[in-house]
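Understanding the architecture of this molecule
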Amino acid sequence: MKKRDDKMMGRLFLRLLPVQIILVIIAGINNVVDSAFASNLIGADAMAVTGLFFPVLNLINSINVLFSGGAQIMCGKYMGKRLMERTKSIFTVDIFMVTCVTAVLILTCELAPERVSSILGAGEALTGPLSSYIRAFVIGLIPLMLGTQLTAFLQIERQEKRTYVAIVGMLCTNILCNWMFISVLNMGYFGLGLATSVSNMVFFLIQLSYYFTGKAVIRFSFPSIKWSDLKDILKYGFPPAITQLCILLRLVVVNYVIRDYVGEDGLAAFSGVMSFGNLYWAVAAGVTSAMTMLASVHVGEEDKDGLKSLMRVFFKIGIVLDTVVMGVFMVISTPMTNIFFHDPTEAVYAMTSLGFLLFPISNPISAITTGFTNYIHCLGTNEGLVRFVSVFEGAVGMAALSVILIPVFGMPGAWMAQIGNGILVCLILFGFIIYKNRRFPRSGEDMMCFSKGFGVSERDRIDFTITNLDEAMQASSAVAGFCLDHDCPAKTANRTSLCVEELVKNIVAHGFDGKKKHFIDMSLTYINDGLILTIKDDCKPFNPKETVEMFDPEDKTHNIGLRLISGVAKEMKYQNNYGLNILTIVV
């Protein structure tokens, strides 16, 4: 037996990570596919058109983040508190509101595409092509938005494979439709946008199919709606959404500055590099999303040790992985430039190549700042800091540095501004940590910024990681000692100890299949003169509470261990969160 380690947390983090990364990658690949078809089959001006459209993509992302980010945090908190029924309300409110907001956006773009193009900075020559692209793109906007929302909820249902299939279907459809609409049917800019719309529909329909199987735990249900949940969704989704909206504004500002001080070559170079923006950001976004999902659950449980473990995994796995990816992108900067431009003697080629070399440096920095800001947001404290960082990182810092650096250094100033913005935000967050502690941080807990009333003291909680029966027996003995140290009656100490022994033995006997190593994380908390036992394992789903309720009261010999646990427990709750069995027992 040993004190709880990071192995289960690391395994869970790595299981959630691929879907989050692939979801961002596919959006990035779609951007690259569209840009490649645009530059090679339509013409050089098409790169400027797709570049001018980036702010609209950020607006779409901000709406998605507003609802999916808030819904994820709220679902995590309700799951942490074992209130699975409330997640149905979150799901219903989320889907309904996203559909309504998206419908308004579609109407605006379809009725006034020229006006939208003008606001985005399109000149007279590009207004027509951009308007045509916008009209076709928004046809598939509702499937895109709802598909993105469903991804988060399908992870709760352990349906990651369905999302993988949807992503592959989306990519293949986009490539096929781009070739068909542009090369064969000569539909130009309208075909470019329509190909994306059709691929978004495929993505959504594949994910939606799960909800017709009858297996979904979290379902759309108007009777379950609590409209007060909308306020909480917006509250928790607001900071990341503001960041996306600010990115929209800064892209408009940067586009105008580049246009005035560098020219069309600068716009084309910026468009080429930014079309890879989602690919650059994919690992960082996946790392921060996985961290946020798990942080919200541990905040709901007020589990300090779990949050510390999560933060260690975030840096040891997430940030290291993102740094490796940064190096890979820097090495292949020249091949990426060749996707869009082929003549190394042209100014646009040199601008783009330098951008592909420098832009990745900002990613690990942004991952650290975004991850820590999202963590603070999950805590629900210091919302003023979260809003300030969202605005500064999203718009103020980057826009201000661009206005200062681009006129002086030309196009390299745009890439320098991206890196400088991340460094400034890091300094702001570190200053906040010093202010919060009223001194320079001396420990990992100082960096976590816990409020005084959060969680329980170390004396009132014990945590273990268990991997075999011998460790189960040691944990059982330690639990008995913990209970006696807190002046619990000897009978309660013995029953709690026996409860731990029986539960863990049952998990080891029936859940450890031998194909891979499994872990059991156990915690016992003394709070309000009572004991709360929480056991988490990464084995196949099994609900002991449901099994207990199926017992024949006349058969006293069947499942004696579970009967004993049922007799000891004042309350028993079970749920499966992100692939973990979680059993909570109030003794």
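These numbers come from a predicted model, not from an experiment.

**Things to note about unusual backbone geometry**
Despite not being glycine, Arg-438 has its phi angle at roughly 60 degrees, a positive value. With respect to the secondary-structure elements, Arg-438 resides in the loop between α17 (412-437) and α18 (444-448). Even without being glycine, Cys-449 reaches a positive phi, approximately 60 degrees. Positionally, Cys-449 belongs in the loop between α18 and β2 (461-466).

**Considerations on the packing of helix α10 (residues 264-275) against helix α14 (residues 347-358)**
Look at α10 against α14: their axes get within 9 Å of each other, and the N-to-C directions meet at 35 degrees. As for how α10 packs across α14, the hand of that crossing is right-handed. Of α14, the residues touching α10 (which contributes Asp-265, Gly-266, Ala-268, Ala-269, Gly-272 and Val-273) are Ala-347, Val-348, Met-351, Thr-352, Gly-355 and Phe-356. When grouped by side-chain class, the residues that make up the contact of α10 with α14 number 7 nonpolar, 4 polar and 1 charged.

**Quick notes on the confidence of the model for the protein**
Across the protein, the average pLDDT comes to 80, with 88% of residues at 70 or higher. In the model, residues 549-553 has pLDDT below 50 throughout and makes 5 contacts with residues more than four positions away in sequence or in other chains.

**Considering the pairing of strand β6 (residues 580-586)**
When you tally the buried positions in β6, you get 6 out of 7 residues, the bulk of the element. Pairing analysis gives 6 bridges linking strand β4 (residues 530-537) to β6, with the strands arranged antiparallel. For Ile-535, the partnering residue across the bridge sits in β6 and is Leu-583.

**A closer look at the nonpolar core**
By size, the foremost hydrophobic cluster in this structure holds 134 residues, and its most contacted members are Phe-13, Leu-141, Phe-153, Leu-307, Tyr-375 and Ile-376. Sorting elements by how many residues they give to this core places helix α2 (residues 45-80) first, with 17 residues. Ignoring any residue separated from it by four or fewer positions in sequence, one finds Ile-376 in contact with Thr-381, Asn-382, Leu-385, Val-386, Phe-432 and Cys-449.

**Some thoughts on the environment of Leu-234**
With respect to the helices and strands, Leu-234 occurs in helix α9 (residues 228-261). With a relative accessible area of 32%, Leu-234 lands in the partly exposed category. The spatial distance from the C-alpha of Leu-234 to the C-alpha of Ser-68 is 9.7 Å, given a sequence separation of 166 residues. Excluding residues within four positions of it along the chain, Leu-234 makes contact with Leu-66 and Phe-67.

**Side note on the packing of aromatic side chains**
Overall, the coordinates contain 10 aromatic pairs when judged by the stated rule. With a centroid separation of 5.6 Å and 80 degrees between ring planes, the pair formed by Tyr-210 and Tyr-211 is classed as edge-to-face. Relative accessible area serves as the criterion here: at 4%, Tyr-210 is assigned to the buried category. Relative to Phe-440, the ring of Phe-430 has its centre 5.4 Å away and its plane inclined at 70 degrees; by these criteria the two rings are edge-to-face. One end of the pair, Phe-430, is in helix α17; the other, Phe-440, is in the loop between α17 and α18, and 10 residues separate them in sequence. Look at Phe-440 and you get exposed, because its relative accessible area is 57%. Among the aromatic residues, ring-to-ring pairing joins Phe-91, Phe-153, Tyr-210 and Tyr-211 into one connected group.

**A few points about the side chain of Thr-151**
Within the fold, Thr-151 resides in helix α6 (residues 141-156). Residue Thr-151 is classed as buried on the basis of its relative accessible area of 2%. Only 3.1 Å separates the side chain of Thr-151 from the side chain of Gln-207, close enough to count as a polar contact.

**What to know about the pairing of strand β3 (residues 520-527)**
Most of β3 is tucked away: 7 of the 8 residues are buried. In this sheet, β3 lies alongside β2 in antiparallel orientation, the contact comprising 6 bridges. By the bridge assignment, Thr-465 is partnered in β3 with Asp-521. Where β3 and β4 come together, 8 bridges link them in antiparallel fashion. Looking at the pairing, Ile-527 lines up with Gly-530 of β4. Taking the residues between adjacent antiparallel strands as the criterion, β3 and β4 are bridged by 2 residues, where Asn-528 takes a positive phi near 50 degrees.

Quick notes on the rules
- Residues numbered from 1 in each chain as written.
- Predicted model: local features only at pLDDT ≥ 70, side-chain atom pairs only at ≥ 80, totals over all residues.
- Heavy atoms only, no water.
- Helix = DSSP H or I, 4+ residues; strand = E, 2+ residues; numbered from the N terminus.
- Axes fitted to C-alpha atoms, helices over the stretch in contact; angles between N-to-C directions.
- Left-handed = near helix turned anticlockwise from the far one by under 90°.
- Contact = heavy atoms within 4.5 Å.
- Nonpolar A, V, L, I, M, F, W, Y, C, P; charged D, E, K, R; others polar.
- pLDDT = per-residue confidence, 0-100.
- Buried < 20%, exposed > 50% of the residue type's maximum accessible area, 1.4 Å probe, protein only.
- Pairing = 2+ DSSP bridges.
- Core = buried A, V, L, I, M, F, W, Y, C linked by side-chain atoms within 4.5 Å.
- Phe/Tyr/Trp six-rings, centres within 6.5 Å; stacked < 30°, edge-to-face > 60°.
- Polar contact = N/O pair within 3.5 Å; in protein donor to acceptor, adjacent residues only side chain to side chain.

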